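Summary of the model geometry
What follows is the residue order along each chain.
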Amino acid sequence: MLLPRPHLLRPFLALAAGAFALTSPRLAAQAVRTGTVAERFQLLCANCHGKNLEGAMAPSMLDDVWTNGGDDESLAKSIRTGFPDKGMPAWGAAIPDKEIRAMVIYIRELRAKAAREKTQFVKPADSMTAQSELHAYQLNTWVGGLKEPWSLAFLSPTQAVVTEKRGYLYLIENGKLADRPLSGVPAVDTGGQAGLFDVVPHPDYAKNGWLYLAFSDPQQNADGAKVSLTRIIRGKIKDGALIDQQTIYQGKLEHYIKAGGVHFGGRIAFDRQGYLFFTIGERGQGPHAQDIARPNGKVHRLHDDGRIPTDNPFVGDAKTDTTIWSYGHRNPQGLAFHPITGELFDAEHGPRGGDELNLVKKGLNYGWPVITYGMNYDGTAMVDITAKAGMEQPLTYWVPSIAPCGANFYTGDLFPKWKNQLFVASLAAEELRRVEIVGGKVVAQEIIFKSIGRIRHVIGGPDGALYVLLPNRIARITPAP
Ligand code: HEC
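Rules and cut-offs
Residues numbered from 1 in each chain as written. Predicted model: local features only at pLDDT ≥ 70, side-chain atom pairs only at ≥ 80, totals over all residues. Heavy atoms only, no water. Near = heavy atom within 4 Å. Polar contact = N/O pair within 3.5 Å; in protein donor to acceptor, adjacent residues only side chain to side chain. Helix = DSSP H or I, 4+ residues; strand = E, 2+ residues; numbered from the N terminus. Nonpolar A, V, L, I, M, F, W, Y, C, P; charged D, E, K, R; others polar. Donors = N, O, S within 2.8 Å, 3.2 Å for Na, K, Ca; no water. Tetrahedral: all angles 85-135°; square planar, octahedral: opposite > 155°, others 65-115°. Buried < 20%, exposed > 50% of the residue type's maximum accessible area, 1.4 Å probe, protein only. Axes fitted to C-alpha atoms, helices over the stretch in contact; angles between N-to-C directions. Parallel < 35°, antiparallel > 145°, perpendicular 65-115°, else oblique. Left-handed = near helix turned anticlockwise from the far one by under 90°. Contact = heavy atoms within 4.5 Å. Pairing = 2+ DSSP bridges.

With respect to the site of the ligand
The full set close to the ligand counts 22 residues, and C45, C48, H49, N68 and M88 are the nearest of them. A distance of 2.8 Å is found between a nitrogen atom of the ligand and a side-chain nitrogen or oxygen belonging to H49. Here N68 contributes a backbone N or O atom positioned 2.8 Å from an oxygen atom of the ligand. Broken down by secondary-structure element, the contributors of at least two residues to the shell around the ligand are α4 (46–49) and α5 (72–81). Element by element, the count of residues in the shell around the ligand is highest for α5, at three residues. Considered class by class, the residues forming the shell around the ligand number 15 nonpolar, six polar and one charged.

Some remarks on the coordination of the iron atom of the ligand
Within the protein, the atoms that donate to the iron atom of the ligand are H49 (NE2) and M88 (SD), at distances of 2.0 Å. Coordination at the iron atom of the ligand is octahedral, judged from the six donor atoms that bind it and the angles of 87 to 179 degrees they form at the metal. Here M88 lies in the loop between α5 and α6 (97–117) and H49 lies in helix α4, a separation of 39 residues in the sequence. With respect to class, H49 is no different from M88; both count as buried.

Topic: the packing of α5 against α6
The contact between α5 and α6 brings their axes to 9 Å, and the two run at 120 degrees. It follows that α5 is oblique to α6 by the angle criterion. In this structure, α5 crosses over α6, and the sense of that crossing is right-handed. Residue-level contacts link D72, L75, A76, I79 and R80 of α5 to D97, I100, R101, M103, V104, I107 and R108 of α6.

Focus: unusual backbone geometry
Residues W368 and P369 are joined by a peptide bond in cis, for which omega reads -5 degrees. Mapped onto the elements of the fold, P369 is located in the loop between β18 (355–360) and β19 (396–398). Cis geometry marks the peptide bond from V399 to P400; its omega dihedral reads -5 degrees. As for its position among the elements, P400 is in the loop between β19 and β20 (404–409). A positive phi is found at E148, a non-glycine position, where the angle reads about 45 degrees. Even without a glycine there, the phi angle at A403 is positive, about 60 degrees. Its place among the elements puts A403 in the loop between β19 and β20.

Description of the pairing of strand β21 (residues 422–426)
With five of five residues buried, β21 is to be regarded as a mostly interior element. Relative to β21, β20 is paired through four bridges, and the arrangement is antiparallel. Bridging from a neighbouring strand, A407 pairs with V424 of β21. Here β21 pairs with strand β22 (residues 431–438) via four bridges, running antiparallel. Counted as the bridge partner of V424 is R433 from β22.

Some points on the side chain of H135
Topologically, H135 is positioned in the loop between β1 (129–131) and β2 (136–143). A relative accessible area of 13% places H135 in the buried class. Of the polar contacts made by the side chain of H135, one reaches the backbone nitrogen of K417; its length is 3.0 Å. With near-sequence residues (within four places) excluded, H135 lies in contact with A130, F415, P416, K417 and W418.

What to know about the pairing of strand β26 (residues 473–479)
Of all seven residues making up β26, five are buried, and the element is well covered by its neighbours. Note that β2 and β26 share six bridges and pair antiparallel. Bridge pairing in β26 links N140 to R476. Where strand β25 (residues 466–470) lies against β26, five bridges are found, and the strand directions are antiparallel. Looking at β26, one finds that L466 is bridged to I477. Hairpin remark: β25 followed by β26, antiparallel, with two residues in the connecting loop.

Here's what the structure looks like:
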């Protein structure tokens, strides 16, 4: 035999044809030590697969034709073991598993980006009719002149309240914003992602007038340092002021984390029995989400007056935080009960590629930061496992990340085909999403519109319209005339 067999020759041909392709696992080993997943992909893979996965000497990864399986595990295996006889080196020895996991997420992002570029999204403007899959609609500005509105609540057919992140609570009467915010609202920490968060009326508001607020409470710790953590209060509106205030929840000072920063959660929801649920993000302290002695990275449950229900999952254990309902959450900012089944759903900000929708159940662990579908925002790897015994799987996760914020089920009559479907507001992707959940599974999703601004919340009004909170206004979605 004079010539090497073709399958031995092919990698060298590929290298020659690829000119700069780093097909050598030794060079790969150097490349993984530095740089982001994007840089690594461009260096190690793009020459054969194309800069945007469009294909070159290797097949495109944009079509849905996968010769070796298209699920995450198959992609990871293709990368790990390669196809030496077809010209693709095995990367497993050079690239650690969690970097391979990051590569899979990156491939998913590039695929979604390519699909998105081919899709036209509606950018609704006032008085313009827009079409969605199930309903034609109009989006019109309802209340303008706001700055970063965070939450909206309807108190009666003519009265609503809106919070602004910077600490203001305003009354809206017959669609008109009050000239000045309500007085008496406590001072809030507004550094970073901190601020005034949710406002929710008691389920019996018409009778008792209680209004609940969540905010980051500025305090001082024993060393005199400025610290903050989510606090929940309730009060009543009278003559332009919030009066009769009571603290419903306040974390312990030893658990307070320095003021400002990230991941506060801050959403409140009542269930049918009148229990109050609320979220606290992990405050950028991933491991705290797994520590049931701490309040951050959790969904909590209380009676409406702040008492701790005796059937909460960790009651009776002196070393735990007994208000906890579920744990292992990163930054849950959407919290909603299904109008028919009464099940609790949370939408939470994950790391890059790891935003989640969860079905939240008593005492369960949702896995952050031990398992996640995401990677670090700078494109470096995080973990290589997405599942583990004793940890719950999300119902769905979003790649690329959309930064889900408020979420609510639509229960009105104006859009019959949207009834009981979940709507999710997204910050980074500036999308309003419709999520159809059947039998505890996500069966369909639609982007209703995109790119008219970051959306912090979505909620149905007593008039059956859907209201969305944009960066400086509230828009109202009604059927097309
Ligand atoms: C020297 C060229 C070359 C390089 C470099 C290369 N590949 Fe490949 N790759 C191929 C070829 C050829 C195939 C097709 C194998 C087949 O037909 O089954 C392939 C297949 C794949 C598949 C499976 C596709 C399918 O349809 O099942 C994945 C995933 C993949 N490559 C990812 C990567 C990643 C990630 C990198 C960089 C770390 C990379 N490849 C680098 C040539 C290359």
